[in-house]
Amino acid sequence: MFSESPSKLRKYLIMAAVCVPLAFATAWWLQPGPQATTSGLTNVYFLPAETYMAGEVDFLRDESGNARIDSILLPELPQQNVATSDFLSAGYLGAQTCAECHQEYFDSFVKTSHFKTSAEPSDQSILGAFDDAHRVLTTVSENLRFEMLDGDGEFWQRLLYDDGQQTHGVEFQFGLVTGSGKVGQTYLYWQESLLYQMHVSYLSVTDSWTNSPGYRDGTADFARPIPALCLDCHATYFEEVAGNINQFQRDNYVLGVTCEKCHGPGREHVAYHRDHPQEMTAHGIVNPAELPTERAIEVCQVCHGGTPVAMLQPAFSFRPGDRLDHFFTFSENMQATGVHSNSQLPRLRQSKCFQQSPDMTCTTCHAPHEFERGDLQLFSQRCQNCHDLPDCGKFGELGNTIADNCIDCHMPSRELEDIKISSQGADHAPLMRDHFIKVWPSTTAH
Ligand code: HEC
Ligand code: HEC
Ligand code: HEC
Ligand code: HEC
Ligand code: HEC
Ligand code: HEC
Ligand code: HEC
């Protein structure tokens, strides 16, 4: 199923090839280097997006089932690959426009993880370090390593492969940053208007570059296409181009999960209120607080509802207030973890708090425009809107001390198996809160 194609390989390698991989001056490496020979490189696989997505080939293992260390995976580019447009037809304006009349919301909202969950690459947005001491990611293979390079406001990942005679270098320019960096960040790169994931991600707990989640240490994988669903959860709006699963109107999108993701496109609202500055009743915008409970929950469920098992409509077509079951079908398996274990809603649904509180939504505990992470005292106060301290069976023993932290006992953090990150032999699994609120046997001993 996979093809080896020296002519295509040359297309990549021509971008930069290096025989002496050490000590680059930043001004130097951006110049096109001498063209690499492809001789000796038998381990490059060009994968069409569909093949990669379907997982049809277990290209990481050889016939005997052993890991194919040193494999280099690159995308096989389709024929059609040009798309431009000057405007977003769906009526999105971006959070900056909302600031014109809602400055206070904007000022607090820009501190949230939602706002920061996707961004253009910059010194600020990329959390990994580019200085000499930190720019290199080595792998379990002594032949293969990655270098992170910056200069003139551009940022690159270079894979370096040593075939025994010479070192081959292939470079990819950072195109988009995903993740605010709570757990980590993953980076995307463009080939014209096609979007792919970069091999090297960033892991916050170690403050270092790492193999992307699920990637095998000792391979170089730049072939993973980015489907629209990924951006639908990590951005406000992208316009898809029909034909390829990872093709978008480049240079024209709204990054971050911002105002209009939860309130709907703002064009009509903004036009109306600019024309009617005296009008104090909102027009043409959705306030989730005024939706029926189920619809209000769905505004969050679209990204926090676990794994969508079927998409009934194209990505980016759901609008707040719509019935979500016309757009997605979610897994019935309530134990299932979701896309990076974002199964907050299916877990919460199992809790008595939720089942016996008809009005409970995500915003019963979460203020959508504030950054409140880690403030367990504040969250515990929200529990006490419904519970008195003596309701807790531990009150007799621990007294008022329980008031400041209901969370660690009733919503323990748990390791996520589905975003294991393998780097230099060690595995990291991030911790996340379980939204199944109950008496956990593991915490009764506290
Ligand atoms: C030209 C001024 C203006 C701009 C720009 C503007 N709004 Fe508003 N917005 C208003 C006014 C006026 C109201 C009604 C008074 C209020 O609730 O503050 C309102 C109310 C709202 C409400 C509450 C709706 C309700 O039914 O209670 C939301 C939500 C909202 N705006 C979101 C947005 C978003 C999102 C943007 C950016 C796309 C935006 N606004 C841009 C003027 C504006
Ligand atoms: C378009 C997808 C999307 C929607 C809609 C959405 N979220 Fe999120 N949410 C995310 C993503 C992605 C993250 C992770 C952001 C990051 O750290 O990069 C996140 C993170 C969070 C966090 C963790 C914040 C932190 O810093 O620890 C909370 C809490 C949260 N969302 C609650 C909500 C609530 C409540 C709603 C509905 C009102 C909602 N989300 C709607 C995608 C979404
Ligand atoms: C169904 C929605 C959904 C899809 C699809 C999705 N994500 Fe996420 N992603 C989330 C949510 C929600 C979180 C936050 C999890 C949490 O904090 O509980 C998250 C977390 C992350 C993080 C870590 C953020 C941080 O600050 O630590 C990264 C990086 C990320 N996603 C990248 C991606 C990429 C790349 C894709 C596509 C290939 C993708 N995600 C697909 C919803 C989604
Ligand atoms: C993650 C989803 C989400 C994002 C992003 C978001 N909001 Fe909201 N917003 C809500 C929800 C939910 C409510 C209803 C409040 C509640 O349920 O307590 C709301 C309420 C509002 C209201 C009405 C407040 C009221 O008193 O009724 C305004 C105005 C508003 N948002 C503006 C904004 C602006 C401006 C931005 C961007 C700077 C923004 N929102 C981003 C989810 C969001
Ligand atoms: C909107 C109201 C509401 C909020 C907010 C709320 N709960 Fe509850 N909770 C309930 C109701 C109703 C029940 C079921 C009756 C009961 O056991 O008191 C319940 C049950 C429980 C139970 C017993 C569960 C079981 O399986 O026996 C625990 C533990 C609990 N809540 C803890 C919490 C914690 C911790 C928080 C904050 C993170 C919280 N609750 C927030 C309404 C709420
Ligand atoms: C009863 C209160 C409560 C309700 C309701 C609730 N959450 Fe949470 N949530 C919490 C607490 C407490 C945390 C831990 C906050 C922290 O450590 O910063 C949390 C954390 C999160 C996180 C970050 C996950 C992590 O551990 O990194 C996300 C995402 C999130 N909630 C989304 C949601 C969504 C979506 C809903 C609605 C389906 C929801 N929550 C409903 C209390 C609640
Ligand atoms: C040190 C851990 C711990 C802390 C802190 C704690 N709880 Fe509990 N909670 C428990 C345990 C253990 C039980 C079960 C006790 C039993 O069955 O005797 C329990 C029981 C409960 C129940 C269920 C009572 C019942 O029988 O239905 C509720 C409701 C509850 N806690 C709410 C809270 C709230 C609200 C807070 C924060 C103000 C809190 N808890 C803080 C450990 C804790």
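First, a word on what this report is: a plain description of the structure on this page. (Residues numbered from 1 in each chain as written. Chains lettered and ligands numbered in written order. Predicted model: local features only at pLDDT ≥ 70, side-chain atom pairs only at ≥ 80, totals over all residues. Heavy atoms only, no water.)

**Some thoughts on the site of ligand 1**
Which entries qualify depends on this criterion: Note on definitions. A residue lies near a molecule or strand when any single heavy atom of the residue is within 4 Å of it. Whenever a nitrogen or oxygen atom comes within 3.5 Å of another N or O atom, the pair is scored as a polar contact, on the condition that within protein one atom can donate a hydrogen and the other can accept it, and that pairs from neighbouring residues in sequence are kept only if both atoms are in side chains. The helix and strand labels rest on DSSP assignments: H or I over at least four residues marks a helix, E over at least two residues marks a strand, and numbering proceeds from the N terminus. When residue character is reported, Ala, Val, Leu, Ile, Met, Phe, Trp, Tyr, Cys and Pro are called nonpolar, Asp, Glu, Lys and Arg charged, and the others, Gly included, polar.
Neighbouring ligand 1 are 20 residues, the closest being C98, C101, H102, H269 and N287. A distance of 2.9 Å separates a nitrogen atom of ligand 1 from a polar side-chain atom of H102. At a separation of 3.2 Å, an oxygen atom of ligand 1 approaches a polar side-chain atom of N287. Within the residue set of the shell around ligand 1, elements represented by two or more residues are α4 (95-99), α8 (259-263) and α9 (267-275). No other element matches α9, which puts four residues into the shell around ligand 1. Residue composition of the shell around ligand 1, grouped by class: eight nonpolar, seven polar and five charged.

**Structural notes on the coordination of the iron atom of ligand 1**
As a reminder, the rule being used: Distances define the donors: N, O and S atoms within 2.8 Å of the metal qualify, as do those within 3.2 Å of Na, K or Ca. Water is excluded, so some sites may look unfinished. Exposure categories follow from relative accessible area, calculated using a 1.4 Å probe and restricted to protein chains: below 20% of the type maximum is buried, above 50% is exposed, and the middle band is partly exposed.
Distances from the iron atom of ligand 1 to its protein donors, H102 (NE2) and H269 (NE2), fall within 2.0 Å. On the accessibility criterion, H102 (38% relative accessible area) is partly exposed. Looking at H269, the relative accessible area reads 13%, which means it is buried.

**Here we look at helix α10 (residues 293-304)**
Note: α-helices contain 3.6 residues per turn, so residues at a spacing of three or four share the same orientation. Put simply, the test is: By definition here, a helix of n residues has an expected span of 1.5 Å times n minus one. We call two residues in contact when some of their heavy atoms are within 4.5 Å.
Spanning twelve residues, α10 covers 16 Å between terminal C-alpha atoms, matching the ideal 16 Å at 1.5 Å per step. Among the residues of α10, those classed as buried are R295, A296, I297, E298, V299, Q301, V302 and C303. On its buried face, α10 sits against α7 (228-234), α8, β17 (328-330), α11 (344-349) and α12 (352-355). One or two residues past the end of α10 sits G306, with phi positive at roughly 90 degrees.

**Overview of the coordination of the iron atom of ligand 6**
Protein coordination of the iron atom of ligand 6 is provided by H366 (NE2) and H435 (NE2), with donor distances spanning 2.0 Å. For H435, a relative accessible area of 16% corresponds to the buried category.

**A short note on helix α13 (residues 376-383)**
Our working rule: Directions pointing from the helix axis toward each C-beta atom define the arc.
For α13, the complete set of buried residues consists of F379, S380 and R382. Buried residues of α13, viewed axially, fall in a sector of 150 degrees; they line one side. Where the residues of α13 are buried, they touch α15 (407-410).

**What to know about the pattern of salt bridges**
Let me state the cut-off plainly: Whenever Lys or Arg places a side-chain nitrogen within 4 Å of a carboxyl oxygen from Asp or Glu, that contact is recorded as a salt bridge.
Here the structure, examined in full by the defined rule, presents 14 salt bridges. Between D132 and R135 there is a salt bridge; the shortest N-O distance is 2.9 Å. Relative accessible area serves as the criterion here: at 63%, D132 is assigned to the exposed category. Residue E294 is joined to R349 by a salt bridge in which the shortest nitrogen-to-oxygen separation is 3.8 Å. Note that E294 is positioned in helix α10 and R349 in helix α11, a separation of 55 residues in sequence. On the basis of relative accessibility, which here comes to 34%, the residue E294 falls in the partly exposed class. Three or more residues are tied together by salt bridges with common partners; here these are E147, R158 and E171.

**Quick word on the site of ligand 7**
Near ligand 7 you find 17 residues, and of these C392, N405, C406, C409 and H410 are the closest. At a separation of 2.7 Å, a nitrogen atom of ligand 7 approaches a polar side-chain atom of H410. A breakdown of the residues in the shell around ligand 7 according to their chemical character gives eight nonpolar, seven polar and two charged.

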